Amino acid sequence: MTSSTAPALPDFSGEVAAYYAEYRRGCPPAVFDTLARTFGLDAHPGIGDLALDLGCGTGQLALPLAARVRTVLGLDPEPDMLRGARAAADRAGVRNALWLLGTDADVPALVDLLPGDRPLGLTVIGNALHWMRSEELFRALRPRTRAGGGVAVIANGTPVWAQDTDWSQALRGALEEHFGRPVTATCGTGAAERERYAAELAGAGFTDVRETVIAYEDALTSDRLLGTLYSAIPAPQLPSDADRPAFAARLLAALPAPPTAAGYPEEVRISLLTGRA
């Protein structure tokens, strides 16, 4: 298997990070119950587990995970994302989270600075692995993960423009008209990507590689739909403050009317792809 490659990191600073903090949804408790059960996580002070949230954004995974481990490290290449994560931790009273600037390329050096032969109990990666060199990352994590610990690649639903619904298809068409190109990104949620990640986990020496799906129904108001979309558009491509109302109006005009007062229906399928050391 050849080494995987990653594209240049996008700019998710400023307003994009603010939209991310406000509109990116977290995961239900069942996700963290599954992680704790799968990896036998220990939260005891001094002797419990260290978890790494790689590409942590504004802390949607790291903050609830903090209650399941001794310490969680949030690593992200965007300072504005880390500022949002730190502010969210302060509001929530989370005191066992540390926020570090870096990328997947920094993981080996970072982990080697930590005490213990294999200090990591768990590494979680949300909808960010498509920006990383996944195969190299998994191979770096394997010898640094304790026995019974492992990696969880979490896809928190399909992007709002890539779903199999009338409103999502209409949104995708409006975005393609605006940007003048096909909008095909699945952000690591597509079946082919998940299969590749599973093969790479196994190839790196992780065992019991499996996918667990946790599904629930949700609905997106127009405001949540737009905010979620804006959180995924790199800052240079996000319409300016002056142009954003007209951009939003064009998108919403292309969509069918929401079928209920709650908004646009969405079946959220959270995929937990796990491998154990």
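What you are looking at is a predicted structure, and each value in this text was computed from that prediction instead of being measured.

## Concerning the overall build of the protein
The helix and strand inventory of the protein stands at 10 helices and 7 strands. Computed over the C-alpha atoms, the radius of gyration of the protein is 19 Å, within 12% of the 19 Å expected from 2.2 N^0.38 for a compact globule of 277 residues. Over its C-alpha atoms, taken along the principal directions, the protein stretches across nearly 55 × 40 × 35 Å. When the 277 residues of the protein are sorted by exposure, 49% land in the buried category. Here the protein has roughly 12500 Å² of accessible surface; of this, 54% comes from carbon and sulfur atoms. Charge separation in the protein, taken as the distance between the mean sites of 25 positive and 33 negative side-chain charges, equals 6 Å.

## What to know about the packing of aromatic side chains
Within the structure shown, the criterion is met by 5 aromatic pairs. Their ring planes at 45° and their centres at 5.7 Å tell us that Trp167 and Tyr264 sit as a pair that is tilted. Residue Trp167 is found in helix α7 (residues 166–179), and its partner Tyr264 is found in strand β7 (residues 264–276); the two are separated by 97 residues along the sequence. Overall, the relative accessible area of 3% leaves Tyr264 in the buried class. By the ring-pair criterion, three or more aromatic residues cluster together here, those being Tyr19, Tyr23, Tyr230 and Phe247. If you follow Arg142 out to its NZ or CZ, it ends over the ring of Phe206, 5.9 Å from the centre.

## Brief notes about the nonpolar core
Residues Val31, Leu35, Trp99, Leu122 and Ile154 are the most contacted members of the largest nonpolar core, which totals 31 residues. When residues of this core are traced back to their parent elements, those giving at least two are α2 (29–39), α3 (62–65), α4 (79–92), β3 (97–101), β4 (120–125), β5 (145–156) and β7. Looking at this core, the element that brings in the most residues is α2, giving 5 residues. Look past the residues within four positions of Trp99 in its chain and what remains in contact with it is Cys56, Gly59, Ala62, Leu63, Gly74, Leu82, Ala85, Arg86 and Ala89.

## Things to note about unusual backbone geometry
Located in the positive-phi region is Cys187, a residue other than glycine, with phi close to 55°. Considering the arrangement of structural elements, one finds Cys187 in the loop between α7 and α8 (191–203). In the Ramachandran plot, Asp208 falls in the positive-phi region, its phi being about 50° despite a non-glycine side chain. The residue Asp208 is located in strand β6 (residues 207–220) in this model.

The rules behind these values
- Residues numbered from 1 in each chain as written.
- Predicted model: local features only at pLDDT ≥ 70, side-chain atom pairs only at ≥ 80, totals over all residues.
- Heavy atoms only, no water.
- Helix = DSSP H or I, 4+ residues; strand = E, 2+ residues; numbered from the N terminus.
- Rg over C-alpha atoms; globule rule 2.2 N^0.38 Å.
- Buried < 20%, exposed > 50% of the residue type's maximum accessible area, 1.4 Å probe, protein only.
- Areas by Shrake-Rupley, 256 points an atom, 1.4 Å probe, with all protein chains shown as cover.
- Lys, Arg positive; Asp, Glu negative; His and termini not counted.
- Charge placed at Lys NZ, Arg CZ, Asp CG, Glu CD.
- Phe/Tyr/Trp six-rings, centres within 6.5 Å; stacked < 30°, edge-to-face > 60°.
- Lys NZ or Arg CZ within 6 Å of the ring centre and 35° of its normal.
- Core = buried A, V, L, I, M, F, W, Y, C linked by side-chain atoms within 4.5 Å.
- Contact = heavy atoms within 4.5 Å.

Honestly, it's all geometry; don't read function into it.
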